[in-house]
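A closer look at the structure
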Amino acid sequence: MIRVVLPAHLRKLAHVDGEVTLDVEGLVTQRSLLDALEARYPMLRGTIRDHVSQQRRPFVRFFACEQDVSHDAPDAPLPAAVATGDEPFLVVGAMAGG
Amino acid sequence: MSGVRVLVGTRKGAFVLASDGKRERWDVTGPHFGGWEIFHLKASPADPNRVYASQGTSWFGQLIQRSDDGGKTWEPVGNKFVYDGVPGTHLWYDGTPHPWEFARVWHLEPSPTDPDTVYAGVEDAALFRTTDGGQTWHELPGLRTHESASSWAPGAGGMCLHTILQDPSRSERLFVAISSAGTFRTDDAGKSWRPVNRGLRSEQIPNPTAEVGHCVHRIAMHPSRPGVLFMQKHWDVMRSDDAGESWQEVSGNLPSDFGFPIDVHAHEPDTIYVVPIKSDSEHYPPEGKLRLYRSRTGGHEWEALTNGLPQRDCYVNVLRDAMAVDALDPCGVYFGTTGGQVYASADGGDRWTPIVRDLPAVLSVEVQALP
């Protein structure tokens, strides 16, 4: 079971409290994780990554195991601890605006 | 009419202000979508409880929300706005070609007859439509692919399609206004468009009388007389008596011909309202006095409306979508400010009272007269 922590605005949009847990088939990557997240919560489509390009929105960052994985390739495997559910995958709204 | 509902979009959420027909006591609910920018929300004329809202932030992009109970509860609907085909380019601020990029929905205009049909004006400028209650949105590409589109350039606020007017007597005729391309009209339900800007004069552009390139801030129409249009341009208040074919300046004795909103009295097609703002770089009322101006002659002759409005030390702005009129008798007039006040007049503008004083900066105001 994959654990995902969403920022407050997206938790509210998806009507969830706390962490989201997901089943992800096959290799756990940013793409497969976000595909599963958006399949379960369709209202999140377009809020984390662009509808068409599937690129991460500029002010959204991804963290895992205390590492910024925002710039990792979308099909690169996420850390094993995320795949096992020992560590969450964090979707973070970037601090910006002064 | 049993009452009115004022729909307010702000920098940090949506608010619903409700009153009975006297419009003296108001219930304020919100913020809905707290923390999100609500550029615009508007109800369907065909179903007063159907309300659409444009919600967004720089972080999480564009959402569209829909309510089926007059704004009490909401559900997100489709938010996929994809230009039809290869989007092409328009001009950027430095004069170089820049790809068309979707940024946000500025304005939602529900159909007068079908609650599931809504037009959306977006940045970068294009017109979208849903016919399934907001679940899916499709571009009407004839506007963005107009032969002049590669020469369109953004204004300071972005290249936004901010005004959509539907001719109630000819369903296939629409007007849109784009900053800073100008006004366009279709007579075939959006398949083809042409600029209707003859008579506009903008000294700040290379050709002051060019067919496109004018910074139109807002256009308005009275439904009983759809061939007559009123315009607040970047500078100049304008009027057209031939559905946009030609325009004449009607700024008259206004203290500033710069401003953003313009609207028409619900029962008097020649009574119009503007909010003069001091120049394009200061963006606050002349002399620190918040004054609406009303013309009962369709322009040229204007009177200041001040009763109940701050007449000293007032430096707020009133944005292009932040004024509306209701259909009660007497006609109600409403506007919101960047200082978070929403003012209401239940007598056509003679006397004003604030409904609320301390909202986030107001981006849009719409009003419904409820059955």
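Quick summary incoming for the structure in this document. Numbers given to residues run from 1 along each chain, matching the order in which its sequence is written. Chain letters start at A and ligand numbers start at 1, both assigned in the order the entries are written. At least 70 in pLDDT is required for a residue's local features to be given in this predicted model, at least 80 for side-chain atom pairs to be given and counted, and no such filter applies to totals for whole chains, interfaces and linings, which use all residues. Calculation of side-chain values draws on the structure's entire complement of heavy atoms; hydrogens and water are dropped beforehand.

With respect to the interface of chain B and chain A
This is how the line gets drawn: Contacts are assigned to residue pairs that have any heavy atoms within 4.5 Å of one another. Simply put, the buried area is the total loss of 1.4 Å probe accessible area from both parts when two parts are fitted together. Salt bridges, as used here, are contacts in which a Lys or Arg side-chain nitrogen is within 4 Å of a carboxyl oxygen on Asp or Glu. Definition of a polar contact: a pair of N or O atoms within 3.5 Å, with one able to donate and the other able to accept a hydrogen when the atoms are protein atoms, and with sequence-neighbouring residues admitted only if both atoms are side-chain atoms. Secondary structure follows DSSP: runs of H or I at least 4 residues long count as helices, runs of E at least 2 residues long count as strands, and numbering of each begins at the N terminus. We call Asp, Glu, Lys and Arg charged. Ala, Val, Leu, Ile, Met, Phe, Trp, Tyr, Cys and Pro are nonpolar, and the rest, Gly among them, are polar.
The interface of chain B with chain A comprises 14 residues on the first partner and 16 residues on the second. Here chain B packs against chain A, burying approximately 1,300 Å² in sum over the two surfaces, 66% of which is carbon and sulfur. The interface formed by chain B and chain A holds zero salt bridges in total. Linking chain B to chain A there are six residue pairs in polar contact (both at pLDDT 80 or more). By residue number, the principal contributor to the side of chain B that touches chain A is strand E6 (residues 61-67) of chain B, which donates three residues. Along the lines of polarity and charge, the residues of the side of chain B that touches chain A split into six nonpolar, seven polar and one charged.

A closer look at helix H2 (residues 30-40) of chain A
For clarity, the cut-off: With a 1.4 Å probe rolled over the protein chains alone, any residue whose accessible area is under 20% of its type maximum counts as buried; one over 50% counts as exposed, and the rest are partly exposed.
Along H2(A), the residues classified as buried are A:Gln30, A:Ser32, A:Leu33, A:Leu34, A:Ala36, A:Leu37 and A:Glu38. The inward-facing, buried residues of H2(A) contact strand E1 (2-5), strand E2 (20-22), strand E3 (60-64) and strand E5 (89-93) of chain A.

Quick look at unusual backbone geometry
Residues and elements named next belong to chain B. In this model, Ser-179 is joined to Ser-180 through a cis peptide bond whose omega is 0°. The topology assignment puts Ser-180 in the loop between strand E15 (174-179) and strand E16 (182-186). For the bond from Asp-329 to Pro-330, the omega torsion is 0°, close enough to zero to count as cis. Structurally, Pro-330 can be placed in the loop between strand E26 (323-325) and strand E27 (333-336).

Thoughts on the packing of aromatic side chains
All names here are of chain B. Applied cut-off: For this analysis, a ring pair means two rings from Phe, Tyr or Trp (six-membered ring only for Trp) whose centres lie within 6.5 Å, classed as stacked if their planes differ by under 30 degrees, edge-to-face if by over 60, and tilted for the remaining angles.
Applying the stated rule across the entire model yields 18 aromatic pairs over all chains. An angle of 50° between the planes, with centres 6.0 Å apart, marks the rings of Tyr-83 and Phe-128 as tilted. Remark: Phe-128 occurs in strand E12 (residues 126-130) and Tyr-83 occurs in the loop between strand E7 (75-76) and strand E8 (89-91); sequence separation between them is 45 residues. Given a relative accessible area of 0%, Phe-128 falls into the buried group. Geometrically, the ring pair formed by Trp-152 and Phe-184 is tilted, given 5.1 Å between the ring centres and 50° between the ring planes. Placement of the pair is Trp-152 in the loop between strand E13 (138-139) and strand E14 (160-166) and Phe-184 in strand E16, with a sequence separation of 32 residues. Look at Trp-152 and you get buried, because its relative accessible area is 1%. The rings of Phe-81, Tyr-83, Phe-102, Phe-128 and Trp-137 are connected pair by pair, giving a single aromatic cluster.

Things to note about the pattern of salt bridges
Side chains that differ in charge, positive against negative, can pair when their charged atoms come close. All names here are of chain B. Scanning the entire structure with this criterion turns up 34 salt bridges over all chains. For Arg-173, the salt bridge identified is with Asp-187, shortest N-O distance 2.7 Å. With Arg-173 in the loop between E14 and E15 and Asp-187 in the loop between E16 and strand E17 (194-195), this residue pair connects regions lying 14 residues apart in the sequence. Residue classification places Arg-173 among the buried residues on the basis of a relative accessible area of 10%. Linked through salt bridges whose partners overlap, the residues forming this network are Arg-173, Arg-185, Asp-187, Arg-194 and Glu-245.

Brief notes about the state of the cysteines
Residues and elements named next belong to chain B. As a reminder of what qualifies: Sulfur atoms of two cysteines make up a disulfide when they are within 2.5 Å.
Counted under the stated rule, the structure contains zero disulfides over all chains. Cysteine Cys-215 is unpaired, with the sulfur of Cys-160 as its nearest cysteine sulfur at 8.0 Å. The class of Cys-215 is buried, set by a relative accessible area of 17%.

Remarks on the sheet that holds strand E1 (residues 3-10) of chain B
Residue and element names in this part refer to chain B. Put simply, the test is: For two strands to be treated as a pair, DSSP must find no fewer than two bridges joining them. Simply put, an axis is a line fit to the C-alpha atoms, just over the touching stretch for a helix, and the angle between two N-to-C directions goes from 0 to 180 degrees.
Taken together, the four strands give an open sheet; going across it, the order is E3-E2-E1-E30, and neighbouring strands pair in antiparallel fashion. The open sheet terminates on both sides in strands that have one partner only, identified here as strand E3 (27-32) and strand E30 (362-370). On average, adjacent strands in this sheet sit at an angle of 15° to one another, irrespective of strand direction.

Focus: the pairing of E16(B)
All names here are of chain B. Of all five residues in E16, five are buried, a share of seventy percent or more. Two elements, E15 and E16, share five bridges in a ladder whose sense is antiparallel. Pairing of Leu-174 across the sheet is with Thr-186, part of E16. From the end of E15 to the start of E16, which pair antiparallel, there are two residues. Where E16 and E17 come together, two bridges link them in antiparallel fashion. Bridge pairing links Phe-184 to Pro-195 in E17.

Shape is all these values report; function is a separate question.
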